[in-house]
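What follows is the residue order along each chain.
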Amino acid sequence: KNWAFFPAWPSIWKFISVGTMNVYIGTFLANIFFMIGVFIMGLYIKSISSSNFKYSFYLISAFYPFSYFYSLPLPESLFFFLYSLYIYSISNATNSQISFYITIISGILSGLTRQFSIFLSFFAIAEFFKLKDKNKLSKQNLIKIISASISPWIGLSIFMKIIFNATGNPFSFLNIQL
C-alpha cells in the first residue's frame, strides 16, 4: 500500500465524490481549496500589511508556475488551504472562541495532510511572543497557544498510529516520500 498520501485528502475527495474519487471532482476540489487558501492568506497579509501587497500576492499565486500543482487532484491545495486557515485564525484565537476552534481543527487536519504541518507550531510560538510583548498573556491565552501549537502534532500522530497499525512502522511514509 502507498503511504505517501496522508489520509485527509483522499478521505475528503472520496466523501465529496460519493466514493468514486472522480478525477474531475478531484481537480475541482483542488482548485476550490487553492482559491479559498489564497483568499484566506490574502486576509492575513492584509491584517499585517497593506492592501496593495495583498493584491500582489493574489496575482503571484494565480500566475506563478507553482500554481499549476495546486490545480491537480493532489493534496497540495488542501494543505495550502489548511495552512492558510491556521495562520489566519491563530492571530485571532485568543480573542475569539470560534477562531480558537478553527485553529485547532485546521492544525489537526493539516497534520493529517502533510508532515510539514508541524512547522505551524512556529506561528503559535510567534503568537505567544506577540501576546507577551503586549502584556496580554493570561493563563487562558497560554493554554490556547499551547493547544494550538500541538494540534498539528496531534494530526501527524493520528496518521502515524494508522500506518503503524498497518505496517508496523510509524515512519513508513518517509521511506516513500524521500
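Note that the structure is predicted; figures quoted are calculated from it, not measured. Every chain's residues receive numbers from 1 upward, in the order its sequence appears when written. For a predicted model such as this one, the threshold for reporting local features is a pLDDT of at least 70, and the threshold for listing and counting side-chain atom pairs is 80 or more; totals across whole chains, interfaces and linings nevertheless cover every residue. Only hydrogens and water are removed before side-chain values are computed, so all heavy atoms of the structure are retained for them.

S.K.: So what exactly am I meant to see when it comes to helix H7 (residues 139-167) here?
M.R.: It helps to recall that an α-helix has 3.6 residues per turn; residues three or four apart then point in one direction. Each helix corresponds to a stretch of at least 4 residues labelled H or I by DSSP, and each strand to a stretch of at least 2 residues labelled E; elements are numbered beginning at the N terminus. A helix is expected to reach a length of 1.5 Å times the quantity of its residues less one. Spanning 29 residues, H7 covers 41 Å between terminal C-alpha atoms, matching the ideal 42 Å at 1.5 Å per step. In this analysis the local bend is the angle between axes fitted, respectively, to the seven residues ending at and the seven residues starting at the residue. Taken as a whole, H7 carries its principal kink of about 35 degrees at Ser151; the proline Pro152 stands between one and four residues after it. A 1.4 Å probe rolled over the protein chains alone gives each residue an accessible area, and that area as a share of the maximum for its type sets the label: buried under 20%, exposed over 50%, partly exposed in between. When H7 is considered as a whole, its buried residues turn out to be Asn141, Lys144, Ile145, Ala148, Ser149, Ser151, Pro152, Gly155, Leu156, Phe159, Met160 and Ile163. In the stretch just after H7, Gly168 is the one whose phi turns positive, near 85 degrees.

S.K.: How do you make sense of the environment of Gln140 when you look at a structure like this?
M.R.: If you trace the backbone, Gln140 turns up in helix H7. The class of Gln140 is exposed, set by a relative accessible area of 53%. Between the C-alpha atom of Gln140 and that of Gly155, which follows or precedes it by 15 residues, the distance is 23 Å.

S.K.: For this particular structure, what's the right way to read the nonpolar core?
M.R.: Generally speaking, nonpolar side chains in soluble globular proteins are found buried as a group. By nonpolar core is meant a set of buried Ala, Val, Leu, Ile, Met, Phe, Trp, Tyr and Cys residues that side-chain atoms within 4.5 Å join together. Membership of the largest hydrophobic core comes to 22 residues, with the highest contact counts inside it found for Val38, Met41, Phe57, Phe80, Tyr86 and Ile87. Elements with a contribution of two residues or more to this core: helix H2 (23-48), helix H3 (51-63), helix H4 (76-90), helix H5 (97-111), helix H6 (121-133) and H7. At six residues, the largest contribution of residues to this core is made by H4. By the convention used here, residues are in contact when the closest approach between their heavy atoms is within 4.5 Å. The contact partners of Met41, leaving out residues within four places of it in the chain, are Phe57, Phe80, Ser84 and Ile87. Of all hydrophobic cores here, the second largest spans 18 residues; its members include Leu82, Leu112, Phe159 and Met160.

S.K.: Sorry, what's going on with the layout of surface pockets here?
M.R.: Over the atoms rolls a probe the size of a water molecule, and in doing so it shows where empty space is left. Detection works on a 1 Å grid of protein atoms alone, calling trapped sets that fit a 1.4 Å probe cavities and calling open sets with protein on both sides within 12 Å along at least five of seven lines pockets, with lining residues defined by an atom within 4 Å of a point. Grid points are joined across faces, edges and corners, and a volume is the space filled by probe spheres set on the points. What the largest pocket holds in volume is close to 180 Å³. Along the walls of the largest pocket sit Tyr44, Ser47, Ile48, Ile87, Tyr88, Ile90, Ser91, Asn92, Phe123, Ala126, Glu127 and Lys130, which together make up its complete lining. Looking at the lining of the largest pocket, the elements that each hand over two or more residues are H2, H4 and H6. Charged means Asp, Glu, Lys or Arg here, nonpolar means Ala, Val, Leu, Ile, Met, Phe, Trp, Tyr, Cys or Pro, and polar covers whatever is left, Gly included. Of the residues assigned to the lining of the largest pocket, the class counts are seven nonpolar, three polar and two charged.

S.K.: What am I meant to see in the packing of aromatic side chains here?
M.R.: Aromatic rings in a pair are described by how distant their centres are and how their planes are angled relative to each other. The pairing test for Phe, Tyr and Trp rings, Trp by its six-membered ring, is centres within 6.5 Å, and the orientation test on the planes gives stacked under 30 degrees, edge-to-face over 60, and tilted for anything in between. Throughout the structure, instances matching the rule amount to 10 aromatic pairs. Taking the centre distance of 6.3 Å and the plane angle of 90 degrees together, the rings of Tyr83 and Phe123 count as edge-to-face. Here the residue Tyr83 occupies a position in helix H4, and Phe123 occupies one in helix H6, the gap between them amounting to 40 residues. You can call Tyr83 buried: its relative accessible area is 18%. The class for Phe123 is partly exposed, based on a relative accessible area of 30%. Ring pairs connect the aromatic residues Trp9, Trp13, Phe33 and Phe81, which therefore count as one cluster. Directly above the aromatic system of Phe100 lies the positively charged group of Lys144, at a separation of 5.7 Å from the ring centroid. Throughout this description, the term charge over a ring refers to an Arg CZ or Lys NZ atom that lies within 6 Å of the ring centre and within 35 degrees of the ring normal.

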